[in-house]
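Summary of the model geometry
So the chains spell out like this:
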Amino acid sequence: MKSNRLFALLAGLGFVVGIQAQNPIITGQFTADPTARVFEGKLYLYPSHDIPSPIERLKEWFCMADYHVFSSENLVDWTDHGMILSQENVPWVDSESYSMWAPDCVYKDGKYYFYFPASPKGKKGFNVGVAIADKPYGPFKPLPEPIKGVGGIDPCVLLDTDGQAYLYWSGRGLNVAKLKDNMTELASEPVLVADVEDGFKEGPFAFKHNGKYYLTYPWVKDKTECLAYAMSDNPMGPFEYKGIIMEQSPTGCWTNHHSLVEYKGQWYLFYHHNDYSPEFDKNRSVRADSLTFNPDGTIQLVTPTLRGVGITDAGKAIQLDRYSAISQEGASIDYINQANKFDGWKVLFNRKDAWVSYNRVDFGNQEWQKVDARVLSSAGGTLGVYANEKMIAEIEVPASVSEWKTLSVPVEVAQAGIQDLRVSLVKGNDVQLDWIRFE
Ligand code: FUB
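As the structure is a prediction and not an experimental result, all values here were calculated from the model. (Residues numbered from 1 in each chain as written. Predicted model: local features only at pLDDT ≥ 70, side-chain atom pairs only at ≥ 80, totals over all residues. Heavy atoms only, no water.)

**A few points about the overall build of the protein chain**
- A count of helical and extended segments in the protein chain gives one helix and 31 strands.
- The C-alpha extent of the protein chain, read off along each of the three principal axes, is 70 × 50 × 40 Å.
- Split into buried and exposed, the 439 residues of the protein chain put 57% on the buried side.
- The contacts of the protein chain with a sequence gap of at least 6 include a subset with a gap of at least 24, amounting to 57%.
- If you sum the accessible surface of the protein chain, you get close to 18500 Å²; carbon and sulfur atoms cover 50% of it.
- Charged side chains in the protein chain number 42 positive and 55 negative. The centres of these two groups are separated by 2 Å. (Helix = DSSP H or I, 4+ residues; strand = E, 2+ residues; numbered from the N terminus. Buried < 20%, exposed > 50% of the residue type's maximum accessible area, 1.4 Å probe, protein only. Contact = heavy atoms within 4.5 Å. Areas by Shrake-Rupley, 256 points an atom, 1.4 Å probe, with all protein chains shown as cover. Lys, Arg positive; Asp, Glu negative; His and termini not counted. Charge placed at Lys NZ, Arg CZ, Asp CG, Glu CD.)

**Some points on the pattern of salt bridges**
- In this structure the tally under the stated criterion is 20 salt bridges.
- Across the salt bridge formed by Asp77 and Lys316, the nearest N and O atoms sit 3.2 Å from each other. Here Lys316 lies in the loop between strand S21 (312-313) and strand S22 (325-326) and Asp77 lies in strand S5 (residues 77-86), a separation of 239 residues in the sequence.
- Between Glu185 and Lys180 there is a salt bridge, with its nearest N and O atoms 3.5 Å apart.
- Overlapping salt bridges bring together Asp33, Asp50 and Arg284 as one network. (Salt bridge = Lys/Arg side-chain N within 4 Å of Asp/Glu carboxyl O.)

**Focus: the side chain of Glu202**
- Counting through the fold element by element, Glu202 comes out in the loop between strand S13 (191-193) and strand S14 (205-209).
- Buried within the structure, Glu202 lacks any salt-bridge partner; its nearest side chain of opposite charge belongs to Arg284, at an N-O separation of 6.8 Å.

**So, the packing of aromatic side chains**
- A complete count under the given rule lists 32 aromatic pairs for this structure.
- Between Tyr44 and Tyr46, the aromatic rings sit 6.5 Å apart at their centres with planes inclined by 25°, giving stacked as the arrangement. As far as burial versus exposure is concerned, Tyr44 and Tyr46 are alike and both buried.
- Taken together, a centroid distance of 5.6 Å and an interplanar angle of 80° make the contact between Tyr214 and Phe293 edge-to-face. Here Tyr214, found in strand S15 (residues 212-220), pairs with Phe293, found in the loop between strand S20 (285-291) and S21; they are 79 residues apart in sequence, far enough to count as distant. In this pair, the class of Tyr214 matches that of Phe293, namely buried. (Phe/Tyr/Trp six-rings, centres within 6.5 Å; stacked < 30°, edge-to-face > 60°.)

**Looking at the domain arrangement of the protein chain**
- Domain parsing of the protein chain yields domain 1 (32-300) and domain 2 (312-438).
- The straight-line distance from the C-alpha centre of domain 1 to that of domain 2 is 37 Å.
- Every contact between the two is made by five residues of domain 1 and, on the other side, five residues of domain 2.
- In this assembly, domain 1 and domain 2 are joined by two residue pairs in polar contact (both at pLDDT 80 or more).
- For the side of domain 1 that touches domain 2, the class distribution of residues is two nonpolar, no polar and three charged. (Domains from an automatic or database assignment. Polar contact = N/O pair within 3.5 Å; in protein donor to acceptor, adjacent residues only side chain to side chain. Nonpolar A, V, L, I, M, F, W, Y, C, P; charged D, E, K, R; others polar.)

**Topic: the nonpolar core**
- Formed by 33 residues in total, the largest nonpolar core has its most connected members in Tyr168, Leu215, Ile245, Leu260, Leu269, Leu291 and Ile299.
- Of all the secondary structure elements, the ones that give two or more residues to this core are strand S10 (153-159), strand S11 (165-170), strand S12 (174-179), S14, S15, strand S16 (225-232), strand S17 (240-246) and strand S19 (266-273).
- Looking at which element gives the most residues to this core, the answer is S16, with six residues.
- Among residues more than four places away in sequence, those in contact with Ile299 are Tyr214, Tyr229, Ile245, Leu260, Leu291, Thr292, Phe293 and Asn294. (Core = buried A, V, L, I, M, F, W, Y, C linked by side-chain atoms within 4.5 Å.)

**Quick word on the site of the ligand**
- Surrounding the ligand, one finds Asp33, Phe62, Met64, Trp101, Ala102, Ile153, Asp154, Glu202, Thr255, His257, His272 and Arg284.
- Side-chain polar atom of Asp154 to an oxygen atom of the ligand: 2.4 Å apart, as the coordinates give it.
- Surface burial for the ligand is 100%, taken as the share of its 270 Å² of free accessible area covered by protein chains.
- Looking at the shell around the ligand, its residues break down into five nonpolar, three polar and four charged. (Near = heavy atom within 4 Å.)

**Overview of the pairing of strand S3 (residues 42-48)**
- Of all seven residues making up S3, six are buried, and the element is well covered by its neighbours.
- Following strand S2 (residues 32-39), the chain reverses through two residues before pairing antiparallel with S3; Glu40 in that reversal takes a positive phi of roughly 50°.
- Of the strand pairs in this sheet, S3 and strand S4 (residues 66-72) are connected by three bridges, and their pairing is antiparallel. Across the sheet, Leu43 pairs through a bridge with Ser72, a residue of S4. (Pairing = 2+ DSSP bridges.)

**Considerations on empty space enclosed by the protein**
- Scanning the model with the defined rule gives one cavity of 30 Å³ or more in all.
- There is about 60 Å³ of room inside the largest cavity.
- In terms of lining residues, the largest cavity is bounded by Thr35, Ala102, Pro103, Asp104, Asp154, Pro155, Cys156, Gly203, Pro204, Phe205, His257 and His258.
- Sort the elements by how many residues they give to the lining of the largest cavity and S10 lands first, with three residues. (1 Å grid on protein atoms, 1.4 Å probe; cavity = no way out; pocket = protein on both sides within 12 Å on 5 of 7 lines; lining within 4 Å. Points joined across faces, edges and corners; volume = space filled by probe spheres on them.)

Structure representation (structure tokens):
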């Protein structure tokens, strides 16, 4: 996955670049606090952009200098539209604060309004600013001043069906106020909401579904943030606590921050985890998983997956380390390159019959002749490739001390349509697999 570094460099220079990935969905750079919105028939993602801190003061803390926006039509192939706003070009922001935290973007009357928290010049704390564009990917022009009366972080805007917009944010509790028609000024005094359960809360995400208002939020119920939700008949509350959408992570990331969106008939939860930075949880990466409502409007618990969402094209590298299931023994995943985690992961098979499966691979109606695999094995071995539980190819991996090889073998049984894949170790006890791809 070395091309990730080139993608990150090009995107940093303002080029539009393509990314193909499962969880995490954005490779080559850190992304956090994802707000997903549907504009012009595409799914747009407005995350914050974690970076390893260039200044001593923030070495152990969140550090964000700018925002990128991403879009996708299939939730597998993502376009990085490049940087849309930076601490350098917002007049009221302290340009050395590296405090461009969780944003949101909404569309109203022909304009896109991008809301972002940041530290103002010469003052402590956070304000919330607005930048406006004609297209979802910018160019965004920041207003010269932040929104008056809003001290805090994590803005989220709910645009109600009657045209009234509500701004939610986090600052000594979760706040809500009406916005004026211009979307840039408060139209009511802020009130506190979601004071339904004890524990720290931030990152509100509010939306309306089937006539009910949902307020969803990261909440420290136990040790780190889980995602919880409350419901109401009124966007200003009171909200009634309903339950958990995602439990706290058992592995490392203290924060979680999210949004919910319906796209092409399916609901999704976008959230983050520190996949590319296991030792430092302030460098996070955005993930997506499917989400389901119960008939009574309550939300089912989402279990985080590596496989994530979307259908994978059989002709592109299928990253089996983003598995949908894995055998209990003899198969595991690890980074390809410990020195650069953005190179991605590999599967390690160290016991005969160990396996990984990867669902929803689209073979279309082409005549697939070959399967390519990027592999490494110290003593040699054989991998079996199965589609819907039938073996379709065998890959003999020669012994090699450290050199990854891309092998190509015939596909023995023609494939069509959407299939679930499984790769298992047929012979040997040490084979590593980066990806497979059909030709
Ligand atoms: O990304 C910085 C902060 O961490 C966000 O504003 C919070 O929601 C948490 O994710």
